[in-house]
Amino acid sequence: MFADKEEFKKEYLAQCEEAGTDFAETGPHERYAVLVALLRERLGKVWAGTNKSYSGPDNKQIYYFSLEFLIGKLLSYYLLNLGVRDLVREGLSDLGVDLDALCDLEAEAGLGNGGLGRLAACFLDSMAFLGIAGHGNGIRYRYGLFQQKIVDGFQVELPDNWLRHDYPWETRKPDKSVVVRYKGDVVTRWDDDGKMYYERENCESILAVPYDIPVVSYGPDAKINTLRLWNAEPVADDFDLASFNRGDYSKANRARSEAEAVSYILYPEDSNESGRELRLKQEYFFVAAGLTSIVRRYRKIYGPDWQNFTTHVAVHINDTHPALCVPELMRIFLDEEKLSWDEAWNITVNTISYTNHTVLPEALEKWPLEMFRTLLPRIYMIVQEIDRRHRLEVEIRFPGMANEAVIQDGYVLMANLAVIGSHSVNGVARLHTKILREHVLKQFNVIFPFKFSNKTNGVSHRRFLLEANPALAALITKTIGDKWITNPGELTRLAERENDADFLAELNEVKYRNKQRLAEFIRASSGFTVDPRSLFDIQVKRIHAYKRQLLNIFKIVHLYNRLKNNPNMDLTSHTFLFAGKAAPGYYYAKQVIKLVNTAAEKINADKDVKGRIRIVFLENFSVSGAQLIYPAADVSEQISTAGKEASGTGNMKFMMNGALTLGTLDGANVEIREAAGAGNTFIFGLNAGQVMDFYTKGGYSAWEIYHSQPQIKRVTDQLIDGTFDDEGADFRVIYDSLLRDNDEYFVLKDFAPYVEAARNLGRLFRDRETWSRIALRNIAQSGVFSSDRTIREYAEDVWRVPIPLGQERGD
């Protein structure tokens, strides 16, 4: 890209002039934008060449539909991928510019919330690296989810204005816009051959305008794939001048405001009718725009050769949010291309594949029938027909079987629609897939057993190890060479050093430096001081009852109680770190955040504790924050109720960075334990089978545990006995969830074994060599959890595309 730093400096200064400014007069944001513009210019030919190479007669395009893409900051990562980060750093330094400071200025694209969006971003990364023609399709949210602030211990949501300074990585493509239609009338027509078809009239229309972001892969022969995000705009600029002149300014801009609302925020609050309708609008918006764009491109290259559509196109739907791909692709083939139902259905099913990410009933989306029919009348007609035909098929093939279809009890069930309308359905961890087959989607597994498979999640080791943990990456490369960067299976060679005392000491020193880095970030951002010599026990994930942040804080309060009873007890110093967001309307989760912060305020200030317990809640968890947190963790808290977490990906990132897993046999924890070895993870509590037995057969009494175990009774009572009194707090709702509602997620049942496992970890932490040896075993076996492995499995088993020569094993 640049021959040397002198060439870079010359090009950078020239780029400043081209932008119409003298370098000496530029500010930090201008310098950042100029650097991105220079990279974009250099990458433009590669990007165009990649797209051209994907258009050949033997190529297959993969379109990955996801409501979230949590891509994080791109500048530093792309410089690393292109192999020029050190060169650029030196060149900028000569000009008096700090590269790290410029990278810090980059806004994190507000395109996701947590694991779902980060997984999608990792998958795009691996598809580009492996040379697979894979592109993302999502929404360009104006304000993202929200910016989380902690005020008096409570979560407060503020707009995430990530586009405040524009976003220099994106390219607007107005010529590729798509009109998306809602409501209106469905009219029957006949063509010249007397064949009936349908048209939509009198619709409410919104213009979907695409913005493309490059996905730059690692290596000297980098491929650049595309993340396409759709922005909602009015079809016509219908500014109501008369209303404006009358002083009715809101009415003057009403059409624009109503259109733009569709892409304003991720996950609009859905506790009211308007919010629910907006969510459904969003889901159809990016599905309709994306599929129209795909079909339009296919027609341009191959003409109306629809029988070969599945040879060149695969559409993957990431969870149920894009499930409308099924009826929308049918609508395009039926109404616009005039195919028969059977022809359209055969193409649709063989084009679409579906990943399920949850077993929670409330997360398996369903839409009220009347809302669905009113907003999407033609789509509703197609869903009705899919439902009718499926029911008929089941009645014929499986007489007497209770029939689960798409429309039930006044709702359209999106998971059912996705299963019926796709050729492949996968879970994201072996345990999760087993639960789908045997419980959540049991009937569909009987009807379509050939559709189901497992694809255990993976994460980008180049993002979350190579970039996030440069000290560890350097130690690994010094020890085994750099092939692990392109072939993470090479990490197993580190196991040869588990009895090398000098190497273990170096590994321990790397961890300490990463903890110092995080401690400095905490001090700078909050003014709070933590000791990097203490055990860093970390739980970072979305706040939810089943993820059991409550169990964690109960453990900490119990430890505090013991310390108050015996201030001189021998205790390993702990720093407990929490991070994660609660949905704005999720009252219980927001009270858990308040409980964590209230407990932190009390315990951190208690002189008897003497700094041996520190609690920190890091606000506004993000990808850049995660890249500081994962490398610094000693203990990875993966304590969800067994059978509830589909997979998890944070558990994999922690493992790659040498944290020890403290968790249940849930999601991918099962496979992490198998990979690292049972003695190198710390597992406790009920397993998924035992949890399911309690749900189906009964027999669990939280009240009985509460009364029979004094330490549990004490921490539970402290919710309401004044220990953590705080104005505005409502810890009674947490207390009632445990006793009145019989502890749905088995916090009390798993408490004692959890505390014992944590106590064992605390003792082990003092033996630094043994601890480092176990950490090394985890790092050495973490390569299997790279997203490169996952994407190879999708490519071979689901999308049926070959991995380009030289990338089969990542070498």
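Teacher, can you tell me more about the sheet that holds strand β21 (residues 635–638) here?
Picture the strands of a sheet paired through backbone hydrogen bonds; they go either parallel or antiparallel. Here 6 strands make up an open sheet; going across it, the order is β20-β19-β18-β21-β22-β23 and the pairing parallel. For this open sheet the edge positions go to β20 (613–618) and β23 (682–683), each flanked by a neighbour on one side alone. Across 6 bridges, strand β18 (residues 535–540) lies against strand β19 (residues 574–579) in parallel orientation. Each bridged residue has a counterpart across the sheet, and for Phe536 the counterpart in β19 is Thr575. Running at roughly 160° to strand β22 (residues 660–663), helix α31 (residues 747–764) makes contact with β18, β19, β21, β22 and β23 of the sheet.

So what exactly am I meant to see when it comes to the nonpolar core here?
The tendency in soluble globular proteins is for nonpolar side chains to be buried as a group. With 235 residues, the main nonpolar core has Phe285, Ile553, Ile613, Leu748 and Trp799 as its most contacted residues. It is helix α10 (residues 273–302) that contributes the most residues to this core, 11 residues altogether. The contacts of Ile553, once residues within four sequence positions are left out, are Phe578, Leu595, Val596, Ala599 and Ile615. By size, the runner-up hydrophobic cluster in this structure holds 32 residues, among which are Val530, Phe536, Val616 and Ala676.

So what exactly am I meant to see when it comes to helix α29 (residues 710–717) here?
Working note: α-helix, 3.6 residues per turn, so residues spaced by three or four point in the same direction. Taken residue by residue, α29 has Ile712, Val715, Thr716 and Asp717 as its buried positions. Contacts made by the buried residues of α29 are with α22 (549–565), α28 (702–708), α30 (732–738) and α31.

Explanation requested: the sheet that holds strand β13 (residues 366–368) in the structure shown.
Strand order across the open sheet formed by 3 strands is β13-β15-β14, with antiparallel pairing between neighbours. Edge positions in the sheet fall to β13 and β14 (407–408), since each has one partner strand and no second. Sheet topology note: the β13/strand β15 (residues 411–413) ladder contains 3 bridges and is antiparallel. Within the sheet, the bridge partner assigned to Pro368 lies in β15 and is Tyr411.

Explain the pattern of salt bridges here, please?
Once their charged atoms are close, side chains differing in charge can pair, the charge on each being opposite to the other. A full pass over the atoms with the stated rule returns 58 salt bridges. Of the charged contacts in the structure, one is a salt bridge between Arg42 and Glu11, with a shortest N-O distance of 3.6 Å. Placement of Arg42 in helix α2 (residues 28–53) and of Glu11 in helix α1 (residues 5–18) is noted, with a sequence separation of 31 residues between them. We classify Glu11 as partly exposed; its relative accessible area is 25%. The partner of Arg523 in a salt bridge is Glu520, and the shortest N-O contact between them spans 2.6 Å. Taken together, the residues Arg523 and Glu520, both in helix α21 (residues 501–526) and 3 residues apart, mark about one turn of the helix. Note on Arg523: relative accessible area 42%, which makes it partly exposed. It is possible to trace a salt-bridge network through shared partners that takes in Lys5, Glu6, Lys9 and Asp94.

Any chance you could explain the environment of Ser53 here in plain terms?
Tracing the chain through its elements places Ser53 in helix α2. You can call Ser53 partly exposed: its relative accessible area is 32%. Sequence separation between Ser53 and Ala133 is 80 residues, and the spatial gap between their C-alpha atoms is 9.0 Å. With residues near it in sequence (within four places) discarded, Ser53 still touches Asn59 and Lys223.

I tried to follow empty space enclosed by the protein on my own but got confused; where do I start?
Gaps between atoms show up when a probe of the same size as a water molecule is rolled over them. Enumeration over the complete set of coordinates arrives at 6 cavities of 30 Å³ or more. The volume enclosed by the largest cavity comes to roughly 140 Å³. When residues of the lining of the largest cavity are traced back to their parent elements, those giving at least two are α3 (75–81), α6 (115–129) and β9 (204–216). What the second largest cavity holds in volume is close to 100 Å³. Together, 16 residues line the second largest cavity, and Leu507, Asn508, Lys511, Gly658 and Ala775 are the ones closest to its centre.

So what exactly am I meant to see when it comes to the packing of aromatic side chains here?
Applying the stated rule across the entire model yields 31 aromatic pairs. With centroids separated by 5.3 Å and ring planes inclined at 75°, the aromatic side chains of Phe2 and Phe8 adopt a geometry described as edge-to-face. This pair shows no difference in class: Phe2 is buried, exactly as Phe8 is. Over the ring of Tyr211 we find Arg140, and its NZ or CZ is 3.9 Å from the ring centre. The positively charged end of Arg463 is found above the aromatic ring belonging to Tyr77, 4.5 Å away from the centroid.

For this particular structure, what's the right way to read the pairing of strand β16 (residues 424–427)?
Regular strands place their side chains on alternate faces of the sheet. Burial along β16 is two-sided: the residues Ser424 and Asn426 and Val425 and Gly427 are all buried. Examined bridge by bridge, strand β12 (residues 352–355) and β16 share 3 bridges and lie parallel to one another. Bridge pairing in β16 places Ser353 opposite Ser424. As paired elements, β16 and strand β17 (residues 452–454) share 3 bridges and run parallel to each other. Paired with Gly427 across the bridge in β17 is Asn454.

In this structure, what is going on with unusual backbone geometry? I would like to understand it.
Most of the time, phi is negative for any residue but glycine, and the peptide bond is trans. Positive phi is not limited to glycine here, since Arg548 has a value of about 60°. Topologically, Arg548 is positioned in the loop between β18 and α22. Of note in the backbone geometry, Phe746 takes a positive phi value of approximately 60° without being a glycine. Secondary-structure assignment places Phe746 in the loop between α30 and α31. On the basis of relative accessibility, which here comes to 3%, the residue Phe746 falls in the buried class.

Whenever I open this one, the side chain of Asn778 confuses me. Can you help?
Here Asn778 shows up in helix α32 (residues 768–780). Asn778 sits in the buried class, given a relative accessible area of 0%. Residues within four places of Asn778 in sequence aside, it is in contact with Met655, Ala659, Ala676, Asn680 and Thr681.

I'm lost on helix α33 (residues 787–799) in this one. Help?
Its 13 residues place the ends of α33 only 16 Å apart at the C-alpha level, less than the 18 Å of an ideal helix rising 1.5 Å per residue. Counting buried positions over the 13 residues of α33 gives 10, a clear majority of the element. Of all the positions in α33, only Ser787, Asp788, Arg789, Thr790, Ile791, Arg792, Tyr794, Ala795, Val798 and Trp799 are classed as buried. Contacts from the buried residues of α33 go to β1 (61–65), α6, β11 (313–318), β12, β16 and α19 (461–467). The N-cap of α33, judged by a side-chain oxygen 3.1 Å from the amide nitrogen of Asp788 a few residues on, is Ser786. At the exit of α33 stands Arg800, carrying a positive phi of roughly 55°.

Cut-offs and rules
Residues numbered from 1 in each chain as written. Predicted model: local features only at pLDDT ≥ 70, side-chain atom pairs only at ≥ 80, totals over all residues. Heavy atoms only, no water. Pairing = 2+ DSSP bridges. Helix = DSSP H or I, 4+ residues; strand = E, 2+ residues; numbered from the N terminus. Contact = heavy atoms within 4.5 Å. Axes fitted to C-alpha atoms, helices over the stretch in contact; angles between N-to-C directions. Core = buried A, V, L, I, M, F, W, Y, C linked by side-chain atoms within 4.5 Å. Buried < 20%, exposed > 50% of the residue type's maximum accessible area, 1.4 Å probe, protein only. Salt bridge = Lys/Arg side-chain N within 4 Å of Asp/Glu carboxyl O. 1 Å grid on protein atoms, 1.4 Å probe; cavity = no way out; pocket = protein on both sides within 12 Å on 5 of 7 lines; lining within 4 Å. Points joined across faces, edges and corners; volume = space filled by probe spheres on them. Phe/Tyr/Trp six-rings, centres within 6.5 Å; stacked < 30°, edge-to-face > 60°. Lys NZ or Arg CZ within 6 Å of the ring centre and 35° of its normal. Expected span 1.5 Å × (residues − 1). Polar contact = N/O pair within 3.5 Å; in protein donor to acceptor, adjacent residues only side chain to side chain.

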